[in-house]
Amino acid sequence: EAGVAQSPRYKIIEKRQSVAFWCNPISGHATLYWYQQILGQGPKLLIQFQNNGVVDDSQLPKDRFSAERLKGVDSTLKIQPAKLEDSAVYLCASSRIKGTSGLSYNEQFFGPGTRLTVL
Amino acid sequence: DAKTTQPTSMDCAEGRAANLPCNHSTISGNEYVYWYRQIHSQGPQYIIHGLKNNETNEMASLIITEDRKSSTLILPHATLRDTAVYYCSHQGGSEKLVFGKGMKLTVNP
């Protein structure tokens, strides 16, 4: 099966500019995640969608970051305006929760990421 | 707010078994233990997960202690391509997966 697709792979912008990232999850995966990974650290969840509804956006800096998942498939993550500290790799992942209620698990499949450099 | 503790780094000789430890003392009864790895410039890759029994798949084996407060990921015959950052975490249901800084495994020829 095709994996999670992301574009662009690299982006360089100046601070205060805006930028958008696109993600196409694995077909049939209802759950989609956006992560931010700063150099030397593990990925940090920004937002989680279940179909086209937001499940968790507690760590999304909502004053500058926004995300949408129209029609419950593709998703875009936008930063406006960008700051120097937004330089990171932005990872998209998708999953399908398995198991029975109360004892369910999910295996996340990650895309290659978009490396953002803010100058 | 990582919930797990791993060594910062570990070296292993090619062809030998690599045993990667993880402490997850705050794990609750319905949470699975997950292991992922991230090869340089790629997204994380799922390796294995387990609840309380030991698990094995084509990539690795997972040994979970009886009290479930720690686990060990075993790569039985490490290769150079296993050089990566390895993350362990625990999660239940639709809760978010929290990644710590992970552990850098270097497999040496």
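Refer to the preceding data block for the structure.
Since the structure is predicted, the reported quantities are computational estimates derived from the model, not experimental observations.

**Student:** Please give an account of the overall build of chain A that cites residues and values.
**Tutor:** A count of helical and extended segments in chain A gives 0 helices and 13 strands. In sequence order, the secondary structure elements of chain A are arranged as β-β-β-β-β-β-β-β-β-β-β-β-β. The C-alpha atoms of chain A give a radius of gyration of 14 Å, which matches the 14 Å a tight globule of 119 residues would have. Taking the principal axes of the C-alpha coordinates as reference, chain A spans close to 45 × 30 × 30 Å. Long-range pairs, those at least 24 residues apart, make up 54% of the contacts in chain A with a sequence separation of at least 6. Here chain A has roughly 6,000 Å² of accessible surface; of this, 51% comes from carbon and sulfur atoms. For chain A, the separation between the mean place of its 14 positive charges and that of its 10 negative charges on side chains is 3 Å.

**Student:** Report on the pairing of strand β4 (residues 31–37) of chain A, specifying residues and quantitative values.
**Tutor:** Residues and elements named next belong to chain A. By the criterion of burial, β4 is predominantly enclosed, with 7 of the 7 residues buried. Every second residue of β4 is oriented toward a common face, with T31, Y33, Y35 and Q37 on one face and L32, W34 and Q36 on the other, all of them buried. When β4 meets strand β5 (residues 44–50), the two strands line up antiparallel, connected through 6 bridges. Looking at the pairing, W34 lines up with I47 of β5. Taking the residues that link successive antiparallel strands as the turn, the β4-β5 hairpin has 6 residues, and the phi of G40 there is positive, at about 85 degrees. Where β4 and strand β9 (residues 88–95) come together, 7 bridges link them in antiparallel fashion. Pairing of Y33 across the sheet is with A93, part of β9.

**Student:** So what about the layout of surface pockets? Which residues, and what values?
**Tutor:** Of the volumes computed, that of the largest pocket is approximately 640 Å³. Residue lining of the largest pocket: 28 residues in total, with Q37, L39 and R115 of chain A together with H40 and S41 of chain B positioned closest to the centre. When residues of the lining of the largest pocket are traced back to their parent elements, those giving at least two are β9 and β13 (114–118) of chain A together with β8 (84–91) of chain B. Here the element with the most residues in the lining of the largest pocket is β13 of chain A; it accounts for 4 residues.

**Student:** Got a sec to walk through the packing of aromatic side chains? Specific residues and values, please.
**Tutor:** Here the structure, examined in full by the defined rule, presents 11 aromatic pairs over all chains. Ring centres of F65 of chain A and Y90 of chain A lie 6.4 Å apart, and the angle between their planes is 40 degrees; this geometry places the pair in the tilted category. Of the two residues, F65 of chain A is situated in strand β7 (residues 65–68) and Y90 of chain A in strand β9; the sequence distance between them amounts to 25 residues. You can call F65 of chain A buried: its relative accessible area is 3%. Here the aromatic rings of F110 of chain A and F99 of chain B are separated by 6.1 Å at their centres, their planes lie at 75 degrees, and the arrangement is edge-to-face. Of this pair, F110 of chain A sits in strand β12 (residues 109–110) while F99 of chain B sits in the loop between β8 and β9 (103–108), on two different chains. A relative accessible area of 8% means that F99 of chain B is categorised as buried.

Cut-offs applied
- Residues numbered from 1 in each chain as written.
- Chains lettered and ligands numbered in written order.
- Predicted model: local features only at pLDDT ≥ 70, side-chain atom pairs only at ≥ 80, totals over all residues.
- Heavy atoms only, no water.
- Helix = DSSP H or I, 4+ residues; strand = E, 2+ residues; numbered from the N terminus.
- Rg over C-alpha atoms; globule rule 2.2 N^0.38 Å.
- Contact = heavy atoms within 4.5 Å.
- Areas by Shrake-Rupley, 256 points an atom, 1.4 Å probe, with all protein chains shown as cover.
- Lys, Arg positive; Asp, Glu negative; His and termini not counted.
- Charge placed at Lys NZ, Arg CZ, Asp CG, Glu CD.
- Buried < 20%, exposed > 50% of the residue type's maximum accessible area, 1.4 Å probe, protein only.
- Pairing = 2+ DSSP bridges.
- 1 Å grid on protein atoms, 1.4 Å probe; cavity = no way out; pocket = protein on both sides within 12 Å on 5 of 7 lines; lining within 4 Å.
- Points joined across faces, edges and corners; volume = space filled by probe spheres on them.
- Phe/Tyr/Trp six-rings, centres within 6.5 Å; stacked < 30°, edge-to-face > 60°.

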